[in-house]
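Report on the structure
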Amino acid sequence: MDWLTGIFANAQGWLFQALVQPALFALDLASLFEDGYGATAWFMVGVLQIVVLVAVIGPLQRWRPVEAMDSPADRASIRIDVLYTLIHRLGLFRLALFFTLDPWFDVAFGALRTAGYGTFHLDQLWPGVTDKAAVSLLIYLLVFDFVAYWTHRGQHQLTWWWQLHSLHHAQRQMTMWSDNRNHLLDSILIDTVVVVVAQLIGVAPDQFILIVALTQLSESFQHANVRLWFGRVGERLWVSPRFHRLHHSIGLGHEAPTLPTACGSLPPEGALPLQGATPPEPAHLKAVQARAGGLGAAAFSLRPGEAGSAAPASEDKAGVYRLGGVNFGVLLPWWDMLFGTANFELRYDPTGVRDQVEKQRDYGSGFWSQQWLGMKRLVGRA
Ligand SMILES: [Zn+2]
Ligand SMILES: [Zn+2]
């Protein structure tokens, strides 16, 4: 581990001196040397992640894809997700925040400190134990993941927040590039939560970067178009592509029926057998499939055995749907298990938002149209 951090630090120093420092000098921004040095580390992490994506997760997608994505429309849609990934992982988004939002954060946290509210150091809880690097890393990871679970639930349960987060879910061609496909306003909100939490619990910068890097990489993997699960035990230890895909599934993962009996809402965690399970909402999903119409049945025929007779009646019985769902966890499925939102069924369904299928609602096909439509949804004009 130490030699790895050593290599990383050496490379960071080299890159900073060779590129970043001269650039800052040229731009007359020598006061930002320290920030520039930190930013170099983030940029390197981003490059490393993209290397892993292309070299490891990409081949996995080609080896065991859930669905074929070869059409020109599929490729165009995926290209926009690649753009989101590059903007976020290579630091363009962070750079924008640095010059806009960060000064406000500094003012706010400075004022709190002057008022006597110092940062609480979670790793000092039990000196000799919790301040050991591995233990504190684990504690911080748990805290961040717990917060991420609840912010994700907020994204689905608060109507205004869903107007933004639905952009993430509107991707019908979910791949390893889809993780960063979010409304910029949504990304700012999530980032704010993370920064505030990091300040509150006093995570060390090198541990913070490790936690974020690990989280991002795991998230990219979960979105991959790969038919992969971690086995009965593994599924309960770490969020898998199967687990997160279910969260993205139309009519299953992020919209729970209001009436438990009409479509058979999900039983609590553990009640669902894994293999050969009866899907909780087959009738409903078939209703969605049956309505797919113009979108083409192929988009819905991922499971060969599922093309049977549709039973649209049950959807009508359910009437109103609320935005709810399952599998909100980011790294650990434990919070979903604890709060009764886990679904461990082994299935791979079409992804997207119900109204794309039922009402052909447009979430935009290019970067700017997606952002613009998100703003319009937010103010109730789309
Ligand atoms: Zn979601
Ligand atoms: Zn997602």
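Above this note sits the structure.
Throughout what follows, the structure given in this document is the object of discussion. (Residues numbered from 1 in each chain as written. Chains lettered and ligands numbered in written order. Predicted model: local features only at pLDDT ≥ 70, side-chain atom pairs only at ≥ 80, totals over all residues.)

Here helix α9 (residues 205–223) is 19 residues long and its end C-alpha atoms lie 27 Å apart, about the 27 Å a rise of 1.5 Å per residue gives. All of the buried residues along α9 are Ile211, Leu217, Ser220, Phe221, Gln222 and His223. On its buried side, α9 packs onto α2 (33–63), α6 (133–157) and α11 (241–248). (Helix = DSSP H or I, 4+ residues; strand = E, 2+ residues; numbered from the N terminus. Expected span 1.5 Å × (residues − 1). Buried ≥ 20, exposed ≤ 12 C-beta atoms within 10 Å, placed from the backbone. Contact = placed C-beta atoms within 7 Å.)

In terms of nonpolar packing, the biggest core is built from 20 residues, with Tyr140, Phe144, Ala148, Tyr149, Val239, Leu246 and Val330 touching the most fellow members. Counting residues per element, the ones that place at least two in this core are α6 and α11. The leading source of residues in this core is α6, at four residues. Among residues more than four places away in sequence, those in contact with valine 330 are Asp145, Ala148, Tyr149, His152, Thr215, Glu219 and Val239. Core analysis: the second largest hydrophobic core is formed by ten residues, Leu53, Val66, Met176 and Leu217 among them. (Core = buried A, V, L, I, M, F, W, Y, C linked by C-beta atoms within 7 Å.)

Take the packing of α6 against helix α7 (residues 159–169) next. Packed helices, taken two at a time, are described by the angle their axes make and the gap between the axes. Put simply, α6 and α7 touch, their axes get as near as 5 Å, and they point 100 degrees apart. One way to sum up the angle between α6 and α7 is to call them roughly perpendicular. Within the contact between the two elements, α6 uses Gly154, Gln155 and His156 and α7 uses Trp161, Trp162 and His165. Its residues placed into classes, the contact of α6 with α7 shows two nonpolar, four polar and no charged. (Axes fitted to C-alpha atoms, helices over the stretch in contact; angles between N-to-C directions. Parallel < 35°, antiparallel > 145°, perpendicular 65-115°, else oblique. Nonpolar A, V, L, I, M, F, W, Y, C, P; charged D, E, K, R; others polar.)

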